[in-house]
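These are the residues of each chain, in order.
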Amino acid sequence: MTDTALINGSFVAAEQASISIFDRGFLFADSVYEVVPVYAGRPFRLEAHLSRLADSLAAVGIDNPHQHGDWVRLLNDLINVNGGGDQSVYLQVTRGAPARREHRLPQDVDPNIVAFCQARRPPPPATLADGVAAVTRRDTRWARCHIKSTSLLANVLAAAEAHAEEATEALFIDEADGVVEGSSSNIFAVVDGRVLTPALRPAILPGITRGVVLDVLAANDIAHHMVDHLPLTALRRADEIWICSSSREIMPVTQLDGVTVGNGRPGDVWAKVYGALQEVDHE
Ligand code: PDD
């Protein structure tokens, strides 16, 4: 099902696909990426993902290796050779592999483009029925997390700490004790009857799912606010907390740092938004 990868325009068996040890994505995390969910063979919000990819590339000064139409064709071909259906496309563009490892940016090197498919793991029914646990962690990441770079060690370690505590996600807290986002998700909370989410800033990835959730809230006349500071103290007394991402969709959080959130069940507002999300055209 998911055994063909795309490397620099060629389709190859995934287990034989390889990249140079001099690739700067490998050596310096000098690369950016996207994860695009695929429903019934159709990549969800591909335009938005390609637009964010273009922004990430521009932010780090890597030339976009393809025109928009070429990306669309290549990624759809990749999905089709891997059998269509429900899956998830991982796509990475690195600055390339110069002859020497050195920090200064290389001249005249072509980016490397790697993409492959993985089985999509939708949230299991038990997760939707009971919600998940999250823990809070100090945000130790760099200051430009709006760029979707592969420099994810702080995210990976925070997620590992969450998993060690049998939680699904780590939520990053900034120096002003405000909630930022998850290690691989954005966050919403219902506090005093108001749906709140941190406003976009360089510490936050502009999640595509976050955008879809905001569209759903607006379309259903559910009042919501993007706030410059979402205090952890507010999160601790929230009636509902949700995390969202391309792989998690929108998940209710019913435990925070070992303490029950709201009444301990996925909330009514979450249920409404989750239901509406299922009705969104998944192309
Ligand atoms: N990550 N914030 C961070 C730090 C993320 O890594 C992600 C997603 C999101 C949500 O973005 P989106 O809705 O566009 O998926 C927010 C992907 C899924 C990953 O790294 O696997």
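Scroll up a little and you will see the structure.
It should be emphasised that the depicted structure is a prediction, and the values quoted were computed from it without experimental measurement.

Peer 1: Mind laying out the layout of surface pockets, listing which residues take part and the relevant values?
Peer 2: Left-over empty space is what a probe sized like a water molecule reveals as it rolls over the atoms. Estimated volume of the largest pocket: approximately 1,300 Å³. In this structure, the largest pocket is lined by 46 residues; those nearest its centre are Tyr33, Val35, Lys148, Ser184 and Ser247. The set of elements that each furnish at least two residues to the lining of the largest pocket consists of β3 (31-39), β5 (87-94), β6 (112-119), α5 (153-164), β9 (179-182), α6 (208-219) and β13 (240-245). The biggest single contributor to the lining of the largest pocket is α5, with six residues. Here the lining of the largest pocket is composed, by residue class, of 18 nonpolar, 18 polar and ten charged. Of the residues that make up the lining of the largest pocket, three or more belong to each of domain 1 (4-119) and domain 2 (125-278). Forming the boundary of the second largest pocket are 14 residues, of which Ala48, Arg52, Asp55, Pro206 and Ile208 lie nearest the centre.

Peer 1: Requested: an account of the side chain of Glu181, with residues and values cited.
Peer 2: Its place among the elements puts Glu181 in strand β9. You can call Glu181 buried: its relative accessible area is 5%. Separated by 3.3 Å, the side chains of Glu181 and Asn186 make a polar contact. Here Leu205 takes part through its backbone nitrogen, which lies 3.3 Å from a polar atom of the side chain of Glu181. Look past the residues within four positions of Glu181 in its chain and what remains in contact with it is Arg141, Cys145, Ala170, Leu171, Phe172, Asn186, Ile187, Ala203, Ile204 and Leu205.

Peer 1: Report on the packing of aromatic side chains, specifying residues and quantitative values.
Peer 2: The full count for this structure, using the stated rule, is five aromatic pairs. Members of the aromatic cluster, joined through ring pairs, are Tyr33, Tyr90 and Phe116.

Reading the values: rules and limits
- Residues numbered from 1 in each chain as written.
- Predicted model: local features only at pLDDT ≥ 70, side-chain atom pairs only at ≥ 80, totals over all residues.
- Heavy atoms only, no water.
- 1 Å grid on protein atoms, 1.4 Å probe; cavity = no way out; pocket = protein on both sides within 12 Å on 5 of 7 lines; lining within 4 Å.
- Points joined across faces, edges and corners; volume = space filled by probe spheres on them.
- Helix = DSSP H or I, 4+ residues; strand = E, 2+ residues; numbered from the N terminus.
- Nonpolar A, V, L, I, M, F, W, Y, C, P; charged D, E, K, R; others polar.
- Domains from an automatic or database assignment.
- Buried < 20%, exposed > 50% of the residue type's maximum accessible area, 1.4 Å probe, protein only.
- Polar contact = N/O pair within 3.5 Å; in protein donor to acceptor, adjacent residues only side chain to side chain.
- Contact = heavy atoms within 4.5 Å.
- Phe/Tyr/Trp six-rings, centres within 6.5 Å; stacked < 30°, edge-to-face > 60°.

Spatial relationships are all this shows, so hold off on functional conclusions.
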